[in-house]
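One letter stands for each residue in the lines below.
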Amino acid sequence: MKKHLVLLGAQWGDEGKGKIVDLLSADFEAVVRYQGGSNAGHTVVVNGEKFILHLLPTGILHPHTFGIVAQGMVVDLDLLVEEIESLENRGIKVWDRILISDRAHLVMPYHKILDSLFERRGKIGTTLRGIGPSYMFKYGRRGIRVSDLEDPDRSYRLIKDNLGFVQDLCEKVYCENYSLNLEEVFEKTMQNYKKIKDRTTDTTRWLLDFKGRVLFEGAQGTMLDVDMGTYPYVTSSNASALGLSSGTGLPPKYFSHANFWAVSKAYTTRVGEGPFPTELKDELGEKLRERGKEYGATTGRPRRCGWLDLVALRHAVEVNALDGIIITKLDVLDFFEEVKASVAYQYEGKVIEHFPASLSLLERAKPIYKSFKGWQKSTKGAKSLGELPEEALGYLEFIQNYLQVPIVMLSTGPARDEFFWFEKLAYQERI
Ligand code: GDP
Ligand code: IMO
Ligand code: MG
């Protein structure tokens, strides 16, 4: 049976989803983004050429795919048009292969202003892409959807109402000068809409009618999920499997035969504020950052680095009911004398084995580590299990046994062809 695939982030984002989605997309006819927005930065390296996708599904780089920007996303039209045009300029035809949900909400210029203002009063360390405020407007029922733009009078009224609200908020609550101009915001929005109008549709219906195989591409990661992550240090969407149904408009049953896989680095990173029990604030953390080139694909910020957190990873396995894990960036650990992974936390004399909700607990939890002898040999570009040093194999085996989920693939470098399947046969049976 042909199966759809759901590919998620298992950690705090930036696990290497872009690279994996890109290589897997060869087997799928449609690729779907369904939550988040331009806060995502998904890197793909093809023949030495680097692409970073923010709003478009990464699988669009393959010329045979259809790309869907589904209803759960918040879409910055300026950036969407820019991203499509920049790919077109690089010889990748996108316009005739992309569909944008008419139910998707917009990220407007004033959402980005609010993002900055909110950050000054309680820092989350957001990407400043207006994501949180756009979802606030959506759930507060003040949002503007793509379908609203079909009617210019209605759009004008909605933008005017939103701008009045934001102006009051800026001037009366935050005592900030406010400088957006209604006519300019309206004109620019309608100009952008004109460019995408023919590509907007009911993407839920389209997917229900579609007979091909679909890859659903999660953005961010399970630990940044607004419900299951380290709240409030999360993004404003359901970045775990919980977001699939609302994000696509497809009924939960649609996914009952899909494969659920998630990507995890062989260590851990996070950008922005929030608890990170296995963070290394010393020269080891620095070494991970330098060797792993851990700087944000969207904001360029240095990523915080630390050992693999298996407690958090098991949380991702459970929340998403994962069928398989893909490990990336093992090569970054190649020249460490010792490698560690947390197997539990210690808090006030108690051993915590399951990822807790409590922020105070997480902030004070001390990881209990399992230590591994480093392999101190290169695994970069390895193409089979046989090429891996024994110690690296032992590390991967431990992860697999701890999680009780098969590792299906190992990524051994940033390039499209730097990977190998752990269980090619089982993969073929599953998919
Ligand atoms: P995403 O947001 O999950 O798509 O991940 P990002 O693109 O933000 O960050 C992952 C980074 O790791 C990118 O620079 C990738 O090119 C790179 N990368 C992916 N897989 C590997 C790997 O196996 N080894 C190494 N060294 N780099 C990788
Ligand atoms: P990809 O898809 C890593 C983080 C931000 C911040 C928090 C909230 O590339 O893995 P937001 O702008 O969403 O309101 O910021 O979430 N964040 C990410 N971290 N990768 C991402 O996306 C992220 N998207 C948001 O750094 O801590
Ligand atoms: Mg990223």
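Notes on the structure in this doc start here. (Residues numbered from 1 in each chain as written. Chains lettered and ligands numbered in written order. Predicted model: local features only at pLDDT ≥ 70, side-chain atom pairs only at ≥ 80, totals over all residues. Heavy atoms only, no water.)

### Some thoughts on the overall build of the protein
- Counting secondary structure elements, the protein contains 13 helices and 20 strands.
- By principal-axis analysis of the C-alpha atoms, the protein measures approximately 65 × 50 × 40 Å.
- Split into buried and exposed, the 431 residues of the protein put 58% on the buried side.
- Element-wise, carbon and sulfur atoms account for 50% of the exposed surface of the protein, whose accessible area totals about 18100 Å².
- For the protein, the distance from the average position of its 56 positive side-chain charges to the average position of its 58 negative side-chain charges is 1 Å. (Helix = DSSP H or I, 4+ residues; strand = E, 2+ residues; numbered from the N terminus. Buried < 20%, exposed > 50% of the residue type's maximum accessible area, 1.4 Å probe, protein only. Areas by Shrake-Rupley, 256 points an atom, 1.4 Å probe, with all protein chains shown as cover. Lys, Arg positive; Asp, Glu negative; His and termini not counted. Charge placed at Lys NZ, Arg CZ, Asp CG, Glu CD.)

### Re the pairing of strand 1 (residues 5-9)
- Here strand 1 lies mainly inside the structure; five of its five residues are buried.
- Side-chain alternation along strand 1 places Leu5, Leu7 and Gly9 on one buried face and Val6 and Leu8 on a second face that is also buried.
- Both strand 1 and strand 10 (residues 214-217) contribute to a ladder of three bridges, which runs parallel. Bridge assignment links Val6 to a residue of strand 10, and that residue is Phe216. (Pairing = 2+ DSSP bridges.)

### Regarding the site of ligand 2
- Surveying the vicinity of ligand 2 reveals 20 residues, the closest of which are Asp14, Lys17, His42, Thr127 and Thr235.
- At 2.8 Å, a backbone N or O of Asp14 approaches an oxygen atom of ligand 2.
- Between ligand 2 and the protein, one listed contact pairs an oxygen atom with a side-chain N or O atom of His42 at 2.6 Å.
- Considering ligand 2 on its own, with 550 Å² of exposed area, one finds that the protein chains cover 98% of that surface.
- The site holding ligand 2 turns out to be the largest pocket.
- For the shell around ligand 2, the class distribution of residues is seven nonpolar, ten polar and three charged. (Near = heavy atom within 4 Å. Polar contact = N/O pair within 3.5 Å; in protein donor to acceptor, adjacent residues only side chain to side chain. 1 Å grid on protein atoms, 1.4 Å probe; cavity = no way out; pocket = protein on both sides within 12 Å on 5 of 7 lines; lining within 4 Å. Sits in = over half its atoms within 2 Å of the grid points. Nonpolar A, V, L, I, M, F, W, Y, C, P; charged D, E, K, R; others polar.)

### Points about a positive patch on the surface
- Together, Lys50, Lys287, Arg291 and Lys293 give the surface a local cluster of positive charge.
- Its place among the elements puts Lys50 in strand 4 (residues 49-53). (Patch = residues over 30% accessible without salt bridge, like charges linked within 9 Å, V, L, I, M, F, W, Y side chains within 5 Å. Salt bridge = Lys/Arg side-chain N within 4 Å of Asp/Glu carboxyl O.)

### Concerning the sheet that holds strand 5 (residues 66-69)
- Overall, mixed pairing links the ten strands, which are arranged 9-7-5-2-10-1-11-15-19-20 in an open sheet. At either end of the open sheet lies a strand with only one pairing partner, and these are strand 9 (200-201) and strand 20 (419-421).
- Sheet analysis places strand 2 (residues 30-33) next to strand 10, joined by four bridges and oriented parallel. Considered in strand 10, the bridge of Val31 is made with Leu215.

### Side note on the pairing of strand 15 (residues 324-328)
- Judged by how many residues are buried, strand 15 sits mostly within the fold: five of five residues are covered.
- Of the two faces of strand 15, the one lined by Gly324, Ile326 and Thr328 and the one lined by Ile325 and Ile327 are each fully buried.
- Here strand 11 (residues 259-265) pairs with strand 15 via five bridges, running parallel. Across the sheet, the residue bridging to Ala262 is Ile325, located in strand 15.
- The pairing of strand 15 with strand 19 (residues 407-411) spans three bridges and is classified as parallel.

### Some remarks on the layout of surface pockets
- The calculated volume of the largest pocket comes to roughly 800 Å³.
- The wall of the largest pocket is formed by 39 residues, among which Ile124, Thr126, Val234, Thr235 and Ser236 lie closest to the centre.
- For the lining of the largest pocket, the elements supplying multiple residues, two or more each, are helix 3 (109-120) and helix 4 (131-139).
- Per-element tally for the lining of the largest pocket: the top contributor is helix 4, with five residues.
- Of the residues belonging to the lining of the largest pocket, the class tally is 16 nonpolar, 16 polar and seven charged.
- Its boundaries defined by the atoms lining it, the second largest pocket holds a volume of some 680 Å³.
- Taken together, 30 residues form the lining of the second largest pocket, with Thr43, Gly292, Lys293, Lys329 and Pro414 sitting closest to its centre.
- Elements supplying a minimum of two residues to the lining of the second largest pocket: helix 1 (17-24), strand 3 (42-46) and strand 4.
- Looking at the lining of the second largest pocket, its residues break down into seven nonpolar, ten polar and 13 charged. (Points joined across faces, edges and corners; volume = space filled by probe spheres on them.)

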